[in-house]
Amino acid sequence: MSILIKNGTVVLDEKIENLDIYIEDEKIQKIGKNLNLSAEKIIDAKDKIVTAGGVDVHTHMSLDLGKFVACDDFYTGTLAASYGATTTICDHIGALEKGASLHKLIDHYHDIADGKAVIDYSFHGAMYEVNDELIEEIEELMDEGIPSIKIYSTYAGKLEDDEILRVLKKAKEVGTIVCVHCENDGLIKELRKEAIEAGNLSPKYHALTRPNESEAETINRLAYLSKVANDPKLYIVHTSTKEGLDEIKAARARGLKNIYCETCTQYLTYDESKYMDNPNEEAVKYICAPPLRKKSDIEALWEGIKNGDVDVIATDHCPFIYESEKKPYADDFTKAPGGIPGVEERMEVVLTEGLKRNIPLNKLTNLLCKNPAEIFGFSNKKGSIKEKKDADIGIFSKKSYTITQENRHSKCDYTSYEGYKTDVKVDTVIAKGKIILDKNGYYGKKGMGKFIKRKLDKEI
């Protein structure tokens, strides 16, 4: 199908301009002013914002925590994403039994994703232990189109510093990117122990036992380990604090060139008052790790966006059913599953919050679309409105509406953004040249999305 988008406020990587876009054979074929081309479908985008489709490189579909499994699978999760104008995801995969190879983990995720996704997707590898065989598999995964690996500094599958250093050294050798969840495990253990012994189990103690220092210390440690490993590509996921961002900035000032900073929608929008000022039954909805922080952290992160210190805004979408999996543990934060929904809301909320702060649209879409595509090897197809790239497009009306559970599409039974009033609203979504959402309905189908083999540029 050929599509001509007319008169839109088109957000390009470097500028914003009133342009037309001609789409055919799944690709953007022509961009220009007053294009005089015939098309099967003409979309009048006058007074509307036209962006590249969103690229969310931090989701957790069907994440199995043992007692709990994230309620969105690769169908419902990508369905929700597409309603929010995100047209590509890269999923952080979960663990299997101890000793499972990296290939076995990836094969398992291919099994649970194949034929389900509405939009295109990929996976990050994951290492929950280290041995010679697993280290060698890092390079093998790159050959299979998975040039990124996730490690943890806390939780049951955390790696010790010597193991982290081995991963970083191998990453430098072969060029993969290492994504790290940065929280100090020992610090959290001790503070949780003290809270449990004192009977302090309400959701606010989830935040109080994971203080800002926990994140900052671990980012600092990872940065120095990365320096010893000769500066491989190091990607700090879900940065949530001023102190954490300061450590990334300090590492760059010391000479690290390949350290990247991701934050998430929730850390740019909500603060710890969600835990402190709400009844436990409401507060438990927001238990995630890292927890929501202070207002000053929110503003520090937005300042980092303005200054170019933050590279990517993702979601860490990891939803659990409130009624059966969150609410029963409202009075014991140690038992509640950690994770919140957000894959549908990201684009609208970030554009709204950013425009309030007078941040140019293209700077925002660089963090939502272009940068994640470039950093993680999607940029030959995704992330920007450019000729010959995939025709993944979001069109937004400049009108306000209120996010509620009634207008959400995740399988989750609540939205983290209940009552949030946006300044923009998704109007039309195009994925690989097909209209999957417009004012008349939704047309995305299970299995439309395909696995993308990624390849990193040597230098980013």
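The structure displayed is predicted, hence computed values, not measured ones.

Some thoughts on helix 13 (residues 346–356)
Then, number 1: Burial within helix 13 is extensive, with nine of its 11 residues counted as buried.
Then, number 2: Taken together, the buried positions of helix 13 are Arg346, Met347, Glu348, Val349, Val350, Leu351, Thr352, Glu353 and Gly354.
Then, number 3: Two residues or fewer after helix 13 comes Asn358, characterised by a positive phi angle close to 60 degrees.

So, the domain arrangement of the chain
Then, number 1: Split into domains, the chain comes out as domain 1 (2–51 + 387–442) and domain 2 (54–376).
Then, number 2: Here domain 1 and domain 2 have C-alpha centroids that lie 27 Å from each other.
Then, number 3: Taken residue by residue, the interface counts 39 residues in domain 1 and 45 residues in domain 2.
Then, number 4: Considering only the side of domain 1, the residues that lose the most area to domain 2 are His409, Tyr414 and Tyr417, jointly responsible for 21% of the buried surface there.
Then, number 5: Our count for the domain 1 to domain 2 interface comes out at three salt bridges.
Then, number 6: Close ionic contact of Glu345 with Arg408 constitutes a salt bridge, the shortest N to O distance being 3.7 Å.
Then, number 7: Between the two partners, domain 1 and domain 2, sit 18 residue pairs in polar contact (both at pLDDT 80 or more).
Then, number 8: For the side of domain 1 that touches domain 2, the secondary structure elements donating two or more residues are strand 5 (48–52), strand 14 (393–397), strand 16 (421–422), strand 17 (425–431) and strand 18 (434–438).

Description of the layout of surface pockets
Then, number 1: Considered as a void within the structure, the largest pocket measures approximately 900 Å³ in volume.
Then, number 2: Along the wall of the largest pocket there are 38 residues; nearest its centre are Leu65, Tyr155, Arg210, Ala289 and Gly338.
Then, number 3: Of all the secondary structure elements, the ones that give two or more residues to the lining of the largest pocket are strand 9 (148–152) and helix 5 (185–197).
Then, number 4: Per element, the largest residue contribution to the lining of the largest pocket is four residues, and it comes from helix 5.
Then, number 5: Here the residues of the lining of the largest pocket are counted per class, giving 17 nonpolar, 12 polar and nine charged.

Let's talk about the UniProt feature "modified residue: N6-carboxylysine" (unreviewed entry) in the chain
Then, number 1: This chain's UniProt record puts "modified residue: N6-carboxylysine" (unreviewed entry) on Lys150.
Then, number 2: Relative to the assigned elements, Lys150 resides in strand 9.
Then, number 3: Discounting residues that sit within four places of it in the chain, Lys150 has contacts with His58, His60, His92, Gly125, Ala126, Met127, Cys179, His181 and Val237.

A word on the UniProt feature "domain: Amidohydrolase-related" (unreviewed entry) in the chain
Then, number 1: What UniProt calls "domain: Amidohydrolase-related" (unreviewed entry) maps, in this numbering, to residues 49–436.
Then, number 2: As annotated, residues 49–436 comprises 38% helix and 17% strand, and the C-alpha atoms at either end are separated by 17 Å.

Examining the pattern of salt bridges
Pairing between side chains of opposite charge can happen when their charged atoms approach one another.
Then, number 1: Evaluation of the coordinates by the stated rule reveals 38 salt bridges.
Then, number 2: Residues Lys170 and Glu173 are paired through a salt bridge, measuring 3.3 Å at the closest nitrogen-oxygen approach. Of this pair, Lys170 and Glu173 are both found in helix 4 (residues 161–174), three residues apart, which corresponds to roughly one turn of the helix.
Then, number 3: Of the charged contacts, one joins Asp246 and Lys242 as a salt bridge, the two residues approaching to 2.7 Å between their closest N and O atoms. With Asp246 and Lys242 both in helix 8 (residues 242–253) and four residues apart, this pair spans about one turn of that helix.
Then, number 4: Through salt bridges with shared partners, a single network forms among Lys27, Asp120, Lys382, Asp390, Asp392 and Lys432.

Quick look at empty space enclosed by the protein
Unfilled space is identified by rolling a water-sized probe across the atoms.
Then, number 1: Taken as a whole, this structure holds two cavities of 30 Å³ or more when the rule is applied.
Then, number 2: His317, Pro341, Gly342, Val343, Glu344, Glu345, Arg408, Ser410, Cys412, Tyr414 and Thr415 together form the lining of the largest cavity.
Then, number 3: Broken down by class, the residue content of the lining of the largest cavity amounts to four nonpolar, four polar and three charged.
Then, number 4: Each of two domains, domain 1 (2–51 + 387–442) and domain 2 (54–376), supplies a minimum of three residues to the lining of the largest cavity.
Then, number 5: Approximately 50 Å³ is the volume attributed to the second largest cavity.
Then, number 6: Residue lining of the second largest cavity: Val11, Leu12, Asp13, Ala52, Thr365, Asn366, Cys369, Lys370, Gly383, Ser384 and Ile385, and that is the complete set.
Then, number 7: If you tally residues by element for the lining of the second largest cavity, the top one is helix 14 (residues 361–376), at four residues.
Then, number 8: Domain assignment of the residues forming the lining of the second largest cavity places at least three in each of domain 1 (2–51 + 387–442) and domain 2 (54–376).

A short note on the pairing of strand 7 (residues 86–92)
Then, number 1: The element strand 7 is extensively covered by neighbouring structure, given that seven of its seven residues are classed as buried.
Then, number 2: Summarising the sheet, strand 6 (residues 54–59) and strand 7 pair through four bridges and their orientation is parallel. Bridge pairing links Thr59 to Asp91 in strand 7.
Then, number 3: Handedness of the crossover is the feature at issue here: the chain leaves strand 6, passes through helix 1 (residues 76–83), returns alongside strand 7, and the resulting connection is right-handed.

Rules used throughout
- Residues numbered from 1 in each chain as written.
- Predicted model: local features only at pLDDT ≥ 70, side-chain atom pairs only at ≥ 80, totals over all residues.
- Heavy atoms only, no water.
- Buried < 20%, exposed > 50% of the residue type's maximum accessible area, 1.4 Å probe, protein only.
- Helix = DSSP H or I, 4+ residues; strand = E, 2+ residues; numbered from the N terminus.
- Domains from an automatic or database assignment.
- Contact = heavy atoms within 4.5 Å.
- Buried area = accessible area lost by both parts, 1.4 Å probe.
- Salt bridge = Lys/Arg side-chain N within 4 Å of Asp/Glu carboxyl O.
- Polar contact = N/O pair within 3.5 Å; in protein donor to acceptor, adjacent residues only side chain to side chain.
- 1 Å grid on protein atoms, 1.4 Å probe; cavity = no way out; pocket = protein on both sides within 12 Å on 5 of 7 lines; lining within 4 Å.
- Points joined across faces, edges and corners; volume = space filled by probe spheres on them.
- Nonpolar A, V, L, I, M, F, W, Y, C, P; charged D, E, K, R; others polar.
- UniProt positions renumbered as here; feature names shortened; annotations may be inferred.
- Pairing = 2+ DSSP bridges.
- Right-handed = clockwise from strand over helix to strand, strands pointing away.

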